[in-house]
Amino acid sequence: QAQPIESGGGLVQAGESLRLSCTASERFFNNYAVGWFRQAPGQGREFVATITWSGGITYYGDSVKGRFTISRDNAKNTVYLQMNSLKPEDTAVYYCAPKIYSGSYSSRYEYDYWGQGTQVTVSS
């Protein structure tokens, strides 16, 4: 397995929940923080959440705080994104990647080895 693989997306109604998974080989996740970003049509890639290697520290974008929760299971090389109280504006392709560089957690340029993404669509 090369790049991370995202899964768990789908079509839901506003107010419902989804859990996304991001799985990769150990070389992509071992000792790295991992982040989730999203990209809506015609928009840039937006920071959603990041979790450190130990799982002890998490960061969230302002638009998802209090609704989304990031977690990881290092034994399974998997990072999760639990999304509750979904809104139509959460509609996007969601991507995960390890944080390779040492800059800001919210900058997409600090991450590399992106997956193909998983589509999340929230209807009103």
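Structure's up top.
Cut-offs applied
- Residues numbered from 1 in each chain as written.
- Predicted model: local features only at pLDDT ≥ 70, side-chain atom pairs only at ≥ 80, totals over all residues.
- Heavy atoms only, no water.
- Helix = DSSP H or I, 4+ residues; strand = E, 2+ residues; numbered from the N terminus.
- Rg over C-alpha atoms; globule rule 2.2 N^0.38 Å.
- Contact = heavy atoms within 4.5 Å.
- Areas by Shrake-Rupley, 256 points an atom, 1.4 Å probe, with all protein chains shown as cover.
- Lys, Arg positive; Asp, Glu negative; His and termini not counted.
- Charge placed at Lys NZ, Arg CZ, Asp CG, Glu CD.
- Disulfide = S-S within 2.5 Å.
- Buried < 20%, exposed > 50% of the residue type's maximum accessible area, 1.4 Å probe, protein only.
- Polar contact = N/O pair within 3.5 Å; in protein donor to acceptor, adjacent residues only side chain to side chain.
- Phe/Tyr/Trp six-rings, centres within 6.5 Å; stacked < 30°, edge-to-face > 60°.
- Core = buried A, V, L, I, M, F, W, Y, C linked by side-chain atoms within 4.5 Å.

A word on the overall build of the chain
Here is step 1 of the chain: A tally of regular secondary structure across the chain gives one helix and ten strands.
Here is step 2 of the chain: Scanning the chain from its N terminus toward the C terminus, one meets helices and strands in the order β-β-β-α-β-β-β-β-β-β-β.
Here is step 3 of the chain: Taking 124 residues into account, the globule formula puts the C-alpha radius of gyration at 14 Å, and the chain, at 13 Å, falls close to it.
Here is step 4 of the chain: Expressed along its principal axes, the backbone C-alpha trace of the chain runs to roughly 40 × 25 × 25 Å.
Here is step 5 of the chain: Within the chain, contacts between residues at least 6 apart in sequence are counted, and of these 55% link residues at least 24 apart.
Here is step 6 of the chain: For the chain, the exposed area adds up to about 6200 Å²; of that, 45% sits on carbon and sulfur atoms.
Here is step 7 of the chain: In the chain, 11 side chains carry a positive charge and 10 a negative one; their mean positions are 2 Å apart.

Looking at the state of the cysteines
Here is step 1 of the chain: Scanning all chains against the criterion turns up one disulfide.
Here is step 2 of the chain: Sulfur-sulfur distance for the disulfide between Cys22 and Cys96 comes to 1.9 Å. Taking the torsion about the sulfur-sulfur bond, which here is approximately 75 degrees, the covalent link between Cys22 and Cys96 counts as right-handed. Of this pair, Cys22 sits in strand S3 (residues 18-23) while Cys96 sits in strand S9 (residues 92-98), and the two are 74 residues apart along the sequence.

Things to note about the environment of Asp62
Here is step 1 of the chain: Topologically, Asp62 is positioned in the loop between strand S6 (58-60) and strand S7 (68-73).
Here is step 2 of the chain: Residue Asp62 is classed as exposed on the basis of its relative accessible area, which comes to 66%.
Here is step 3 of the chain: For the pair Asp62 and Ala49, spaced 13 residues apart in sequence, the C-alpha to C-alpha distance is 9.6 Å.
Here is step 4 of the chain: Engagement of the side chain of Asp62 in a polar contact is seen with the side chain of Lys65, the distance being 3.2 Å.

Notes on the packing of aromatic side chains
Each aromatic ring pair is specified by the distance between its two centres and by the angle formed by the two planes.
Here is step 1 of the chain: Within the structure shown, the criterion is met by six aromatic pairs.
Here is step 2 of the chain: Considering the side-chain rings of Phe37 and Phe47, the 5.5 Å spacing of their centres and the 65 degrees angle between planes classify their relative orientation as edge-to-face. With Phe37 in strand S4 (residues 34-39) and Phe47 in strand S5 (residues 46-51), this pair connects stretches of sequence that are ten residues apart.
Here is step 3 of the chain: Of the residues examined, Phe37 reaches a relative accessible area of 0% and is grouped as buried.
Here is step 4 of the chain: Among the residues examined, Phe47 registers a relative accessible area of 12% and is labelled buried.
Here is step 5 of the chain: A ring pair is formed by Phe37 and Trp114, whose centres lie 5.3 Å apart and whose planes are at 85 degrees; its orientation type is edge-to-face. Of this pair, Phe37 sits in strand S4 while Trp114 sits in the loop between S9 and strand S10 (118-123), and the two are 77 residues apart along the sequence.

Some details on the environment of Ser85
Here is step 1 of the chain: By the secondary structure assignment, Ser85 is in the loop between strand S8 (78-83) and S9.
Here is step 2 of the chain: Note on Ser85: relative accessible area 41%, which makes it partly exposed.
Here is step 3 of the chain: Note: C-alpha distance between Ser85 and Ala14 (71 residues apart in sequence) is 6.9 Å.
Here is step 4 of the chain: If we skip the residues at most four places from it in the chain, Ser85 touches Gly15, Glu16, Ser17, Arg67 and Asp90.

Considering the nonpolar core
Here is step 1 of the chain: The biggest cluster of nonpolar side chains holds 24 residues, and the ones touching the most others in it are Trp36, Val48, Phe68, Val79, Leu81, Met83 and Tyr94.
Here is step 2 of the chain: In terms of nonpolar packing, the next biggest core, distinct from the first, is built from seven residues, Phe37, Phe47, Val93 and Tyr111 among them.

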